Amino acid sequence: MFRLLCLILPIQLNMKKVFLPLLFILLPFIGKAQTVIENPYYEVSTTGVNHITKIELSKKETKVTLLTKFIPNWWISISDSVCLEIPETGEKLYARHLEGTEFNKKTYMPASGDSTFILTFPPIPKNVKRINYHDSPQEIIYGLSLDRKQPKRLQRNRLPKEIEVWFEKEIAEAQIKEPLSLHDMQSEAFFNETPARLVGYLKGYDTRLGFKTGIIYLNNEIIHKRFPVVISIEPNGRFEANLNMAHPGYKSMQINGQWISFYIEPGQTLAMVLDWEEFLLADRHRDKKYVFNKIEFRGSLAQTNTDLMLADYAIPMPNPYFVYNEGMKMAPDAFEKELRNQYKTYHEDWGKYLAGRKIDAKAQAVKEINMDYEFASRMFEYSMRKDEHNSNFPLTFYNFLQELPLNSQLSLISENHYNTVLNRFEYMPIFRQGIHCAQYKTAPAKTLKEFFVEKGKELSNRENVFLDLMYNILLTSHIDGNTMAVIESNLKEWNAFFEDNKKLHEEYYKTHIAPLELYLISEKYLREEEHRLAILKDSLRLPYSFTYEITKMRSLKVELESMQENKKEAERFIKAFNRRLTTPYFRSISSRLFAETFPEVEKIAYELPQDDKGAEIFRRIINKHRGKILFVDFWATTCGPCIAGIKQNQATREKYKDDPDFDFIFITDDRPNETVNFNNFVKEHALFHSYSVTKDEMNYLMQLFKFSGIPHYIKVDKKGKILDDNYNMYNLDAEIEKIKKQK
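Residues numbered from 1 in each chain as written. Predicted model: local features only at pLDDT ≥ 70, side-chain atom pairs only at ≥ 80, totals over all residues. Heavy atoms only, no water.

1. Observations concerning the state of the cysteines
Counting across every chain of the model gives one disulfide. The disulfide that involves cysteine 639 links it to cysteine 642, with 2.3 Å between the sulfurs. Measuring handedness by torsion sign, the sulfur bridge of cysteine 639 and cysteine 642 sits at about 80 degrees and is right-handed. Neither cysteine 639 nor cysteine 642 differs from the other in exposure class; each is buried. (Disulfide = S-S within 2.5 Å. Buried < 20%, exposed > 50% of the residue type's maximum accessible area, 1.4 Å probe, protein only.)

Structural data, given as structure tokens:
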């Protein structure tokens, strides 16, 4: 035993000699132990640019390693208000130090597109299990875990069982089970007003992302109207929408600022699965239109949509900004040559993509007609921007129209590009220069100039020439290009002349023109049609086509409204109009427009619908003004026409500020109430009743009143009924005086 102790004792003494110095070396670090969390789990993120790769916790500080992934050579900036938030208490810990750059400094990304920064924050209390990272109101990472044992992420590839069951039920209940064939696309079956249905699921959705809706703009190119449809997103990520359609379409929906394309047909139900991670990827690639390519489709149109999605991703369109940048510096022939080269390559790439690949025939047809109209829309865009007044542009530039499938009903599927082509084609300069004017059966007893002289008006030489010109236009059948150029170059001066002599001009019309009852408006429109057809055939060398017929339909509503004082004349016109139509569906539309313009029962105020979110939002605003007639203005600070209208009617608003019968309501979704500029504008321009709503709320209001652009005006009666949901505010003073006289 003694011997054993003798052996142990020296060992213990030697260990003390080693341990005590080691203890003194480690002593300064005791109490500074750190917890390091690598690639921390997070619940949801609003940013695809910033990623937290490490969190280091100690008693003195918190260090966060930030990996930024962005576009090479683009800059980012880290705000000095960046903070960590404790969700349970709302307490915010602001950054003390930043490594890798400086606060609020533009930092340009390297060629790799990746940069790493380290932020130092105050220490986080020991009992806190998760934090939120805030760089800006738009850049937030929620629920960063501070536990070393990171929770496992849910299996994102599997749909929740209840969503699978819902999809199956919705698809089974589709009103039309079988999709159209390619043959059907050129038949009367193409037009069908059975509503379609879109159902979907957004993986990874969280209400903290800041949006609860998306929106689809349903374009009806035949009558030139756009109808917003709200996509309501449930807290579990499920969404749905009913789509009132007239024909198949390659449509787009917008969710959180990103556009997603899909093909759908009347009566069909299409299901789609989106992933929030792909939205973050799109957020990172802000320098181009991101093509979503990880969508899962279900239903009878699933294959068509999958093939279209993969084709759009694999064969991206030529640079859309070429027209606005390099293109504007080119002469028309050079621009056309370059654009054709780009689209030649585009078609060659498409041919290579198709080689050896089986693709849905309808998807191929939709893709190819979209390519055709995409090229045409850029040609038109160039001509409009290059020659603002469309006066000297070479007619041969428009020869590309002869290459388009203008007689194909499939054209309507290419909604966005076809819409641009229709707009530009309808108002081509060659048509505009042939505008028809009044053609009287007998000439007035006195010319305009003779009447002015008789009334003692002294005229200058320029005014003599002008009055002769106006009188000749009054009697001729159309304005030629030279006359139009003269009018445009002197328009400001001549408008001022007429404004100064307004009473004389009105008297001349009343005494010498109106009594003649010289011609029917319908004759004018029919003569104009003959003139346009001649231009179409002789100058543009184009046949009468399906596309040309749509341009006629788009102006029909305006033409009918110009005849509202004479229903018999309108009836005569619509019969002649319908006889010229070759598409049977268009005849049903024209009859419907006639019935809307000349209703059997006078249009009366209507109640807002019940159980409608948009109506609920609108009531919440207008109920504060019950007992008054309301003029409601939907506007935004970024909308030029909105601002012009607000300024134009400012004197009227101030005049009736305290009137017991009227209020002027302003609704915007800019949400700029906290900014000094916005508040100053509201005060300076007498916007006495200004309301800001969220983007989601504005979506519902747009759907309620069926508008997609601003300014948009609504007129409401004293009981809250809608007098006019598409009100024209151009003559507000006269309207108010008229209402006051009726009291």
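2. Quick look at the sheet that holds strand β20 (residues 296–298)
Taking strand neighbours across the sheet as the criterion, the eight strands line up as β18-β17-β14-β15-β16-β13-β19-β20 in an open arrangement whose pairing is mixed. The outermost strands of the open sheet, each flanked by one partner alone, are β18 (258–264) and β20. Shown here is a sheet whose adjacent strand axes are inclined to one another by a mean of 25 degrees, direction ignored. Relative to strand β19 (residues 269–275), strand β13 (residues 196–203) runs parallel, the two being bridged by seven bridges. Paired with valine 199 across the two strands is alanine 271, which belongs to β19. On the sheet, helix α3 (residues 276–284) packs against β13, β17 (249–255), β18 and β19 and is oriented at approximately 65 degrees with respect to β19. (Pairing = 2+ DSSP bridges. Helix = DSSP H or I, 4+ residues; strand = E, 2+ residues; numbered from the N terminus. Axes fitted to C-alpha atoms, helices over the stretch in contact; angles between N-to-C directions. Contact = heavy atoms within 4.5 Å.)

3. Quick word on the nonpolar core
Counting 111 residues, the largest nonpolar core has Leu243, Met253, Met272, Leu274 and Phe425 as its most contacted members. No other element matches the 11 residues that helix α6 (residues 361–386) contributes to this core. If we skip the residues at most four places from it in the chain, methionine 253 touches Leu198, Ile215, Ile216, Ile231, Phe239, Gln258, Trp259, Ile260, Phe262, Met272 and Leu274. The next biggest cluster of nonpolar side chains, apart from the first, holds 28 residues, and it includes Ile37, Val64, Phe121 and Leu144. (Core = buried A, V, L, I, M, F, W, Y, C linked by side-chain atoms within 4.5 Å.)

On their own, these measurements won't tell you what the molecule is for.
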